[in-house]
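Fold and contact review
One letter stands for each residue in the lines below.
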Amino acid sequence: QYVEHGKITLSKIATDFILISNQPITIANIKARVLTFTATQGIYKLQFRQTSLIVNNMAYVITFTAEEDKFPQYESIAKSIMNSFTIQQSASVPSI
């Protein structure tokens, strides 16, 4: 539900938003979703890989962005970084 709402929001605020894929993955034994999409910012055509997961009612969103034509060059590095994240369980959640 969180990802679906995010998709709707992105389509409204991102210029020329095009969804490429919406895939389930697992990070640190937690179910997550990865949205891959393109959008334009100013003169730049960008591609995004946005990973979202929810733990204890807290949403975590990790986004990798590159110019669309350079995205494949850095994608494996971005995946490695995203897969390195772990969620530390704590007794209390700090207020923001």
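As the structure is a computational prediction, the values presented were derived from the model and not from experiment.

Once that is clear, we can look at the overall build of the protein. A tally of regular secondary structure across the protein gives two helices and four strands. Start at the N end of the protein and walk to the C end: the helices and strands fall as α-β-β-β-β-α. For the protein, with 96 residues in total, the buried portion stands at 32%. By sequence separation, contacts in the protein at least 24 residues apart represent 29% of the contacts at least 6 residues apart.

Let's shift gears to a nonpolar patch on the surface. A cluster of nonpolar residues, Y74, I77, I81 and F85, forms a patch on the protein surface that exposes about 370 Å² of accessible area. Locating I77 in the fold gives a position in helix α2 (residues 71-83). Given the relative accessible area of 49%, I77 is considered partly exposed.

Here T63 shows up in strand β4 (residues 58-67). Taking the C-alpha atoms as reference points, T63 and S52, separated by 11 residues in sequence, lie 8.7 Å from one another. Excluding anything up to four places from it in sequence, T63 contacts F48, R49, Q50 and M82. At 3.2 Å, the side chain of T63 and the side chain of Q50 are in polar contact.

Time to look at the pairing of strand β3 (residues 44-55). Burial within β3 is extensive, with nine of its 12 residues counted as buried. In the sheet, strand β2 (residues 30-41) pairs with β3 via 10 bridges, with the strands oriented antiparallel. Within β3, the residue paired with Q41 across the bridge is Y44. In textbook terms, the turn of a hairpin is the stretch between consecutive antiparallel strands, and for β2 and β3 this stretch comprises two residues, one of which, G42, has a positive phi near 60°. Sheet topology places β3 next to β4; 10 bridges connect them, and they run antiparallel. Across the sheet, L46 pairs through a bridge with E67, a residue of β4. Taking the residues between adjacent antiparallel strands as the criterion, β3 and β4 are bridged by two residues, where N56 takes a positive phi near 50°.

Applying the stated criterion across every chain, the model contains two salt bridges. The shortest N-O distance in the salt bridge between K70 and E67 comes to 3.6 Å. Of the residues examined, E67 reaches a relative accessible area of 32% and is grouped as partly exposed. Its salt-bridge partner being K79, residue E75 comes within 3.9 Å of it at the nearest N-O pair. Taken together, the positions of E75 and K79, both in helix α2 and four residues apart, correspond to about one turn of that helix. Look at K79 and you get partly exposed, because its relative accessible area is 33%.

Conventions used here
- Residues numbered from 1 in each chain as written.
- Predicted model: local features only at pLDDT ≥ 70, side-chain atom pairs only at ≥ 80, totals over all residues.
- Heavy atoms only, no water.
- Helix = DSSP H or I, 4+ residues; strand = E, 2+ residues; numbered from the N terminus.
- Buried < 20%, exposed > 50% of the residue type's maximum accessible area, 1.4 Å probe, protein only.
- Contact = heavy atoms within 4.5 Å.
- Patch = residues over 30% accessible without salt bridge, like charges linked within 9 Å, V, L, I, M, F, W, Y side chains within 5 Å.
- Areas by Shrake-Rupley, 256 points an atom, 1.4 Å probe, with all protein chains shown as cover.
- Salt bridge = Lys/Arg side-chain N within 4 Å of Asp/Glu carboxyl O.
- Polar contact = N/O pair within 3.5 Å; in protein donor to acceptor, adjacent residues only side chain to side chain.
- Pairing = 2+ DSSP bridges.

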